[in-house]
Each structure stands twice: as structure tokens, then as C-alpha cells.
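What follows is the residue order along each chain.
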Amino acid sequence: MRRVLVVEDSASTRALVKAIVEDESLTEALGEACECVEASSGFDAMRLLPRGPYALIISDINMADINGLELIAFIRKSDHHRATPLVIISTQTTKRDVERALVLGANAFVPKPFSPETLRKALVNQLAHVG
Amino acid sequence: MEKAREDFLSEAQELVDSLSRDLLVLDQQTRRGDSDPELVNDLFRAIHTLKGLAGLFGAARMAAVSHELEELLDDLRLGRVELGVKVVDLLFRGVELYGLLLLAEKGEAPEPTRVVEEFLFRLGELTHQGGTGGASQVAQYEIDSSILGVLTEYEEHRLRTNMKAGVSLYRIHVALALTTIDTALDDIKAAARPLGEIITYLPSGSGSDADRIELDILMASHADLDGLRAAFRGLDVAVEAVKKRGGGDSSAVARSAQTPDPPQSPARSSPAPVPAAVPDDGLDEAVVTPWPADVALAPVERAATASLGVAGETTGSGLTLPPAFPPVGADGAQGQRDNRDLSLRSVSQTVRVDIRKLDNLMNVVGELAMVRAAMGRMTERVRAEPQLRAWGSELHRLQRTFERHLTQMQNGILEVRMVPLGQVFEKLARVVRQISREHDKVVNLVITGAETEIDKLIVEELSDPLMHMIRNAIDHGIELREERTLVGKPAAGTVALNAFQKGNHVLIEVEDDGSGMSPERLIDTAVKRGLLKRSEAEELTTREVYNLIFLPGFTTRETATDLSGRGFGMDVVKTNIAKLGGVVDISSAVGIGTKITITLPITLAIISVLGVEVHGRSFAVPLASVEEAITFDESLVRNFDGREALTQRGATLPICRLSRLFGLEDQASPPGESRARRHAKPCVVIASVGNRRLGFVVDRLVGQQDVVIKALGKSLKSVRGFAGATELGDQRVGLVLDVAALMEEFLASDKERISEGARAR
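As a convention, each chain's residues are numbered from 1 in the sequence order in which they are written. Just so you know, chain letters begin at A and ligand numbers begin at 1, following the order they were written in. Per-residue local features of the predicted model are confined to residues with pLDDT of at least 70, and side-chain atom pairs are confined, for both listing and counting, to 80 or more; whole-chain, interface and lining totals are unaffected and use all residues. Hydrogen atoms and water are omitted, and side-chain values are computed over all heavy atoms in the structure.

### Quick look at the overall build of chain A
For clarity, the threshold we go by: Working definition: helices are DSSP H or I runs of at least four residues, strands are E runs of at least two. Numbering for both runs from the N terminus. Each residue is assigned to one of three classes by its accessible area relative to the maximum for its type, calculated with a 1.4 Å probe on protein chains only: buried under 20%, partly exposed between the two thresholds, exposed over 50%. Contacts were defined at the residue level, with two residues in contact if any of their heavy atoms lie within 4.5 Å. Reported accessibility uses the Shrake-Rupley method at a 1.4 Å probe radius. Residues are deemed covered only where the shown protein chains occlude them.
Counting its secondary structure elements, chain A contains 6 helices and 5 strands. Along chain A, helices and strands appear, N-terminal first, in the series β-α-α-β-α-β-α-β-α-β-α. Counting all 131 residues of chain A, 63% fall into the buried class. Expressed as a percentage of contacts within chain A between residues at least 6 apart in sequence, the contacts between residues at least 24 apart total 64%. When the accessible surface of chain A is summed, it comes to about 4,300 Å², and 51% of that surface belongs to carbon and sulfur atoms.

### A look at the overall build of chain B
Each helix and strand counted, chain B has 26 helices and 22 strands in total. Counting across all 761 residues of chain B, residues that qualify as buried make up 46%. Restricting to contacts in chain B with at least 6 residues of sequence separation, those with at least 24 account for 67%. When the accessible surface of chain B is totalled, it reaches about 38,100 Å², and 52% of it is carbon and sulfur.

### Notes on the packing of helix H4 (residues 68–77) of chain A against helix H5 (residues 95–104) of chain A
Residue and element names in this part refer to chain A. Put simply, the rule reads: Helix axes use the C-alpha atoms of the stretch in contact, all axes being lines fitted to C-alpha atoms, and the angles between their N-to-C directions lie in the range 0 to 180 degrees. Each angle receives one of four descriptions, namely roughly parallel if under 35 degrees, roughly antiparallel if over 145, roughly perpendicular if within 65 to 115, and oblique otherwise. Ten residue types, Ala, Val, Leu, Ile, Met, Phe, Trp, Tyr, Cys and Pro, are classed as nonpolar, four, Asp, Glu, Lys and Arg, as charged, and the remainder, Gly among them, as polar.
Running from N to C, H4 and H5 point in directions that differ by 5 degrees, and their axes come no closer than 9 Å. As judged from the angle between their axes, H4 and H5 are roughly parallel. In contact with Leu 69, Ile 72, Ala 73 and Arg 76 of H4, H5 contributes Asp 97, Arg 100, Ala 101 and Leu 104. Here the contact of H4 with H5 is built from residues that sort into 5 nonpolar, no polar and 3 charged.

### Some thoughts on the sheet that holds strand S1 (residues 2–7) of chain A
Residue and element names in this part refer to chain A. Applied cut-off: If DSSP finds at least two bridges between two strands, the strands pair.
One open sheet holds the 5 strands; their spatial order is S2-S1-S3-S4-S5, and the pairing between them is parallel. Bordering the open sheet on either side are strand S2 (34–39) and strand S5 (108–112), each of which pairs with just one other strand. Each strand axis lies, on average, 20 degrees off the axis of its neighbour in the sheet, ignoring direction. Strand direction decides the pairing type here: strand S3 (residues 56–59) and strand S4 (residues 86–91), joined by 3 bridges, are parallel. Bridge assignment links Ile 58 to a residue of S4, and that residue is Val 87.

### A word on the pattern of salt bridges
Residues and elements named next belong to chain A. Here is the rule: The term salt bridge refers to a side-chain nitrogen of Lys or Arg lying within 4 Å of a carboxyl oxygen of Asp or Glu.
A full pass over the atoms with the stated rule returns 30 salt bridges over all chains. A salt bridge links Arg 47 to Asp 44; its shortest N-O distance comes to 3.3 Å. Taken together, the positions of Arg 47 and Asp 44, both in helix H3 (residues 42–48) and 3 residues apart, correspond to about one turn of that helix. The class of Asp 44 is buried, set by a relative accessible area of 15%. Among the charged side chains, a salt-bridge network with shared partners connects Arg 14, Lys 18, Glu 22 and Glu 38.

### Topic: a positive patch on the surface
The condition is simple: For patches, a residue must show more than 30% relative accessible area and have no salt bridge; joins then use 9 Å for like charges and 5 Å for nonpolar side chains, namely Val, Leu, Ile, Met, Phe, Trp and Tyr. Here the positive residues are Lys and Arg and the negative ones are Asp and Glu; neither His nor the chain ends is included. A charge is said to be at NZ when it belongs to Lys, at CZ for Arg, at CG for Asp and at CD for Glu.
A surface patch of like charges, here positive, comprises Lys106(B), Lys427(B), Arg430(B), Arg433(B) and Arg437(B). If you trace the backbone, Arg430(B) turns up in helix H16 (residues 422–439).

### Here we look at the environment of Leu414(B)
Residue and element names in this part refer to chain B. Looking at where Leu 414 falls in the secondary structure, it is placed in helix H15 (residues 389–417). Leu 414 gets classed as buried once you look at its relative accessible area, which sits at 14%. For the pair Leu 414 and Ile 602, spaced 188 residues apart in sequence, the C-alpha separation works out to 9.5 Å.

### Points about the nonpolar core
Generally speaking, soluble globular proteins have nonpolar side chains that are buried together. For clarity, the threshold we go by: Here the nonpolar core consists of buried residues drawn from Ala, Val, Leu, Ile, Met, Phe, Trp, Tyr and Cys, with membership extended through side-chain atoms lying within 4.5 Å.
Grouped together as the largest cluster of nonpolar side chains are 66 residues, with contacts concentrated most on Ile58(A), Phe114(A), Met62(B), Leu91(B) and Tyr98(B). If you tally residues by element for this core, the top one is helix H2 (residues 37–56) of chain B, at 10 residues. When sequence neighbours within four positions are dropped, the list of residues in contact with Met62(B) reads Phe8(B), Leu50(B), Ala54(B), Tyr98(B), Leu101(B), Leu102(B) and Glu105(B). Counting 63 residues, the second largest nonpolar core, distinct from the first, contains Leu69(A), Ala101(A), Leu159(B) and Leu215(B).

### Looking at the confidence of the model for chain A
Test applied: One confidence number per residue, pLDDT, is output by the predictor and ranges from 0 to 100.
Looking at chain A as a whole, the pLDDT averages 85, with 95% of positions reaching at least 70. Within chain A, H5(A) has the poorest average pLDDT of any element, 81, and S3(A) the best, 93.

### Notes on the sheet that holds strand S9 (residues 505–512) of chain B
Residue and element names in this part refer to chain B. Here we have 5 strands laid out as an open sheet, ordered S6-S8-S9-S11-S10, and mixed in their pairing. With partners counted over all chains shown, the strands left at the sheet margins are strand S6 (443–448) and strand S10 (583–589), one partner each. Going across the sheet, the axis of each strand differs from the next one's by a mean of 15 degrees, ignoring polarity. The pairing of S10 with strand S11 (residues 593–601) spans 7 bridges and is classified as antiparallel. Looking at S11, one finds that Ser 588 is bridged to Thr 594. Along the sheet, helix H17 (residues 456–477) contacts S6, strand S8 (493–502), S9 and S11; its crossing angle with S9, the most-contacted strand, is approximately 20 degrees.

### A few points about the packing of H17(B) against helix H22 (residues 570–579) of chain B
Residue and element names in this part refer to chain B. Our working rule: A crossing counts as left-handed when the near helix is turned anticlockwise from the far one by less than a right angle, and as right-handed when that turn is clockwise.
H22 packs onto H17 with a crossing angle of 150 degrees between their chain directions and a minimal axis gap of 9 Å. Handedness of the H17/H22 crossing: left-handed. Contact residues: H17 offers Leu 462, Pro 465, His 468, Met 469 and Asn 472, while H22 offers Met 570, Val 573, Asn 576 and Ile 577.

### Thoughts on the packing of aromatic side chains
Cut-off, in case you're wondering: Note on aromatic pairs: the rings of Phe, Tyr and Trp (six-membered ring only in Trp) are paired at centre separations within 6.5 Å, and the planes decide the class, stacked below 30 degrees, edge-to-face beyond 60, tilted for the rest.
All chains considered together, the criterion is met by 4 aromatic pairs over all chains. These aromatic residues form a ring-pair network of at least three members: Phe619(B), Phe662(B) and Phe722(B).

### Digging into a negative patch on the surface
All names here are of chain B. Taken together, the side chains of Glu 536, Glu 538, Glu 539 and Asp 641 define an acidic patch exposed on the protein surface. In this structure, Asp 641 sits in the loop between strand S15 (638–640) and strand S16 (643–648). On the basis of relative accessibility, which here comes to 83%, the residue Asp 641 falls in the exposed class.

### Here we look at the environment of Leu445(B)
Topologically, Leu445(B) is positioned in strand S6. A sequence separation of 17 residues divides Leu445(B) from Leu428(B), and the C-alpha atoms of the two residues are 9.1 Å apart.

### Remarks on helix H3 (residues 60–77) of chain B
All names here are of chain B. So the rule is basically this: Given a helix with a known number of residues, its expected span is that number minus one, times 1.5 Å.
A rise of 1.5 Å per residue sets the reference length of H3, with its 18 residues, at 26 Å; its end C-alpha atoms lie 25 Å apart and thus fit the reference within 8%. Residues of H3 that are buried: Met 62, Ala 63, Val 65, Ser 66, Leu 69, Glu 70, Leu 72, Leu 73, Asp 74, Asp 75, Leu 76 and Arg 77. Phi turns positive one or two residues past the end of H3, at Gly 79, with a value near 75 degrees.

### Considerations on the environment of Leu480(B)
Residues and elements named next belong to chain B. Tracing the backbone shows Leu 480 in the loop between H17 and helix H18 (481–486). Given a relative accessible area of 36%, Leu 480 falls into the partly exposed group. C-alpha of Leu 480 to C-alpha of Gly 493: the two residues are 13 residues apart in sequence and 9.0 Å apart in space.

Structure (C-alpha cells):
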């Protein structure tokens, strides 16, 4: 069972991501099931990070208090998570923020809105070669 | 996915609600001439989230509207568009539109295509007139790029605005125990608020400590370093002035943040090694640098912090304690340990619960109520045995305690289910505005009692009936302006929506000051539509005449309008209200107006009933409609036109013999019942619904109980007169009478047919 941390302040977006992460089709593609761990804010993520490891982290950018960029920077310099694949989900309008996220060490960007298939593909891409 | 979609709708609704609240505050601020950047940002974030949601769940129109609104708010928060009354108006319009769009998403209304287009057009006019405010000139920045690199565009804008205003930047380092993080942050925010603006929270430290996190809070403030340190005294934080790029002496920065410094920073630390996962294409070192492993501050600064005594105060001897090991006093450490078990505390204090889960809980309470009833009887039996007296009183005490707690639990669950009627009324207010506009009638809606609470399930079912009633009131009731002036009424009509609680019922009145209903005209219409024979009409009471409007197919309109008069509506209203256990009453006066009153039970979840026996069978009469029970004296029965009645306190009370109505008379009693029946004292249970009264003749009263009604199965659904079945505690199943329906059918005078019908069943 691989654990995936989802950091997103919208409950329904989290629910959607969770459904995709825990869907059987992803399990089939990876040969292993994924379990979704949900964080509703940057702080929540800070709480949950030490409870890792996580196979992958999915994060929004535009969040109150600790934003997604700060979270990425933090994750990339932490001992435990510096190599954990990081997927950003955010809207296209925050183009500059997205570029920044990639520079800071995010591995992929999936623009919102996304179809389940788009996110699934991105997850498979990131998870397949990590093994 | 279904779950996610449900979540989407309720989250979107919540977002729209909070948007609406925030807008009201913004409106006030705008009128006063000030504005809170955080509020505008909250609005932006809410719209941004809505847009994301709408896109994810395929709500294209909502996404389009959100996209444009987001642009507008982005312009507002980045200072590209001036905040004014016109903008706020448009934002309000947007919230209204979200309401329509959400209804459409739920399938409860058509897509408001035209309105959306119009709105988008107006928005477009506004956003595109805004000039180019020289937005992102990051290069001019004087802040260390290690900070810049992790700021979102908005945070960067706030930073720039503050720098332009000559405000100094500070970094507040703090280590927070995860257990107490929420309260600790609140304290810090409260201390910071009067002095300036928190730009962002930068997590620092290694992240390997599972119990606490370290933060650098970036704050802009007019206050000087000493002032800030004084403000944060006692909060275990270390305050430092932030170095500008190329700045040497930090106190110089604090004094004059705007002084352009040479771009090269001697104090700048080398960037952290770029992790392997970072894609190396498109990396622009000149503009963006990854967050360095070390905080880019001169050691001098830290020494200053300590020597000024702020950190020293809390650490005692911690003069050289670096921020990575935060000053934690003995008391603080103790506090952290004490709170450790609170660690996974959720940030939010509210939970969203599916009403069905509450129904299930209520069902369990219902079962417990039955257990209680059975236990009560057993306790009475034990107490009656002289040799078991000690046990009996012990049992009795336990029974009382159980009863008390059960009542508390029941009330608790009921309370959770209660919502104020204002929820529906608000929606109706919008409807009234819309209808009166379309109809060119001026109508004032006067609402009283919006705070009256009622079961959530009932509220959900109320909006449609109430909407029909209000439409009728405006369409049929309120006259055209000229007509009103002609008869000396104010040109503006009034529709009053009143709610209040009366015992276990909630009454809702829809009252208009329109033309009223003429009984003659109602009769003429009913006869013309073949719903009534002319000969029958003469026997109808005024009340019965008004009730004609509840007949399916009844309409006084020759042609249907958009609003009402399509021949359905009031009969649906009545059916829907009856389903909720309520009744509808009408009173009207020609030329003065019409008042329709809905009487509803407060909750559907549990009801108190009076258990009765008829011909050896158990029935339950909902206590809410029982007025009293009196002994039945056969000799006092009088006959009016084939109807039996008693005279009670000077008023005529029609009676209904349940054994006859249900066709039990000619059936053999269940075994063992004949003896009981001989000793039974027949009673009349006087029931009233609205203004109507009827006495049910029963063989015996059993007692009062609280029960959960179980609906009759599908095959029995068409049987009228029963609300459902229930277990009456002594393992006997009894039918619960639907008093309103029984009364209606019985008083509808066609009792022959009913009793035959009942027999056939």
C-alpha cells in the first residue's frame, strides 16, 4: 500500500483526488493500491509530513497561511521528503506561481480543472519509475 | 464520484454563502472609504476555489462566471482596479448568479443562460477598462530572492505595496508544538494585527521533528524592532528585521526601507543544492532562487535579538540560542507535554452530517424509547409484588435515570436537526423580487419569525409549497397598481410571511393584502370545471368553499400565466404539506386579502402517540392532534343528517366510530379479548387539526408513548388514513392513524365509501 499525501483546502477537490488516487484503475496501472492521506491546509500538511513516508505528494498552491510554494520549498529541503515526487494541482491563471513551483522542485503540474484521466496519467508517470 | 459531486454542491453553496457575508462587510468598508486587503484576498480565494470546483465537476457556466470574477478580484487585490460601489454591486450580482447556477446544477432550475451572458458582458466592461498598473516588475525588488522565490503573486504584491509605503519588513521566527499550533498562531496573529500585516508563513527547520514545526513569519510593520519585540513579548518568538538585498546594516533597513541599495548582497547565502527531482529546463536563476538551506540572515542580527533581551527573557541564559532551537521556557515545555494527546485535533469545529445519519440515530432512539416503555411496564409489575419491593424501587430509580438520559439524547439529536426557517425565507425574498418585477407589481415582502426553528427535512420540503403560495398571492391576490389606487389601497402590495411556534407545531402564514377570494366565484369555477355539482355547492360551508382551490385541476384563470393558474399548484401544495404531517387553512375577505396558514409538526423524527384499542386491536393516535379524551356515553349521541355527534361544552362534535370505519364490528375479536372488552370503558378521543374537530370512539385508552413511525410498505402506500405502523412496546404492532387524512375523508361526508373502502382492504 502506497500512501499519497493530498494538500488542498477545498474539501470536494480533495474528495475527487482521493477517488482518483484510490481508484482501482490506478491500482492496476501501478500493481499496488494507493491510500490517500488528506491535509486541508499547509499547516495540516506540516503535521502530516513527519508521519510519512509518502510515495507521492499532491499539492494546491493558493492556500491561506502556508502556501503551496512554501510547502514545496520546505519539502525539498527536508531530510525525509527531498526526493518524494511532487505534483502540483492549480489553475492556469496562476501561471507565474506554477512556474515557481516547478523551479522549487515540483515534478509535475496538472492544471485545474482536470479530468480523472489526466491526473491518473500524471500519477502513473510519477509513481511508475519510482517503483 | 457521486460522493464527490455531493460534496461539490455543498462546498460550493458554503463558499457562496461566505462570499455573500464577506461582500456585506466589504460593502460597508467601501462606503466608509477603507478596505481590508485580507478581505479582498479571501474573496479572491473563494472565487478561485469555486472556479476550480466548477471546472472539475463540469459546471461550465459557473466556471466561466468564476473565471471573470476571479480576474476582477485579481485586478482589485493587485490594485489594478479601484474598489468602488459599482464594483461591489457587480460582485453582489455575481453572488446572486451563483445561487441560480447552483440551483441549475442541482437540476432544480433551468440554466440561467441569458442572465449569465449579460453579467459576463458587464464584467468584461469593467475589467478591461482597468489600465496596466505596472504589475510584475520583480526585478526591482529589494528583498532577498530566497524569500521572493516562495511567495505567490498576491503575497508578492502585498509585499511590494508595503515596501512602497515605506513599511519595514520583519522576520518572526517561532517554533510551535503541533499540539498547540492553532492557539499559538492565533495569539501571534492577534499580537501582529495592530502593528501591520503578515505577508506569509514560511516553514523552516528540517521537518524531521514530529512534534513541532518551525516557522518564519514574514511581516510588514510600521513599528520599529523594539516595538515589535514588545508586542510579541511572552510569545516565545524571535523578531528580526529582514535584510534587503545588498543591505548591510539591518537597522538602516528598518529606518528606511525604500533606500535603493546596490543589487549585490554580501550576506546572501548560497542556494541549497537543487534536488534531483527538479527539472533543469526553464530554470531561471536570475529571477528565482530556491529557498536556501540556511536562513539568509547575518549572525549579527541574532546577537542583536538576544542582547536586546527579548529571547533572553524567556530562555533565561539562552543568549546564544539560535532560532533553530527556539527559546522555550520551562513553562512552555510543560505546556507542550500536557497537550500532547490533543495532537491530531482538527482545525475546524464543525462537521457536516448527512441528515440520513441523523435519521438512523433517531431510529435508535426510537427503539430505545420502546425498550424504555417495556421496561417501565415490567418495573411496575415488579413493584406490585410485595416480596420484590426492594428490587422494584431500585429498578424504578434506574428506570428514571434511563428515561432522563434518553430524553436528553433525543432532545440533543432533535436540536441538531433543527434549522431556522430563515433559510427558506431568504430564497423566497428573491422570488418575490423577481416575480413582482416580471409582473410590474410593486410588492413588499414582510418577514417575521425567520428565526423559528424546524426540522431540517421539513425545511427542505417547504420551499416549493411556499413558493407556489407566494406566486399565487402575487399573481391572483395582489391587484395591478391602478386597481389598487382606485380602491384606495397603497400602490405597493404587501405579502407577509410569518412564522411562529405554537406548542409542538410551527405555523407559517402567507398573507396578502390583495383582492381576496370570492366564494361565489370559486363555486362557479368549480362547477364550470366539473369538480362540483351545483346542488352540492349549497351545502358547503365557507371553509369548504375555500378548500375548493385545493382540488386538482382547479383554476380561476381562463389562460395560464407564466406564474400560476396552470391548474396545478395548490393541490400539490396541500399534498406536500400533508406528507409532512401538516395542514393548510385558508381565510379570505373580498377586497381585503387572503391568509393561508400552514400548521406543521416541529419534527418528523419522533412522535408522541396515544395508544388506543379498538375491537381488540392496537392503534395509535398522534398526540399532537389529540385535544382530550372523554368517557363515551352512548345515550348522548345525537344524529344530524345521518352523522353522529355529541354536544360537548355547547359545541357539536361529530364522532367517528373507528370499529365501524375500519369494518371491525362484524369480525371476531382476537382470542382472549372478549373478557377485556367487557370491562373496557369506551372513550372518545377528541382530535383536532387546524380548526376542525372530530371524536374517535375507541374501546379503551392504553397510554401515552413516544414512538418512531415506520412507513407502510410500498404495497400499502395507497392506503389513506394511516401514517404508518409502530411497535407499541408490548411487542404489539399498531397502526398509527393519520388524523388529518381520516378527518378529511370522514368529514367529506362520503363516509359510506370510506367504510366500504376500509372493508375492502
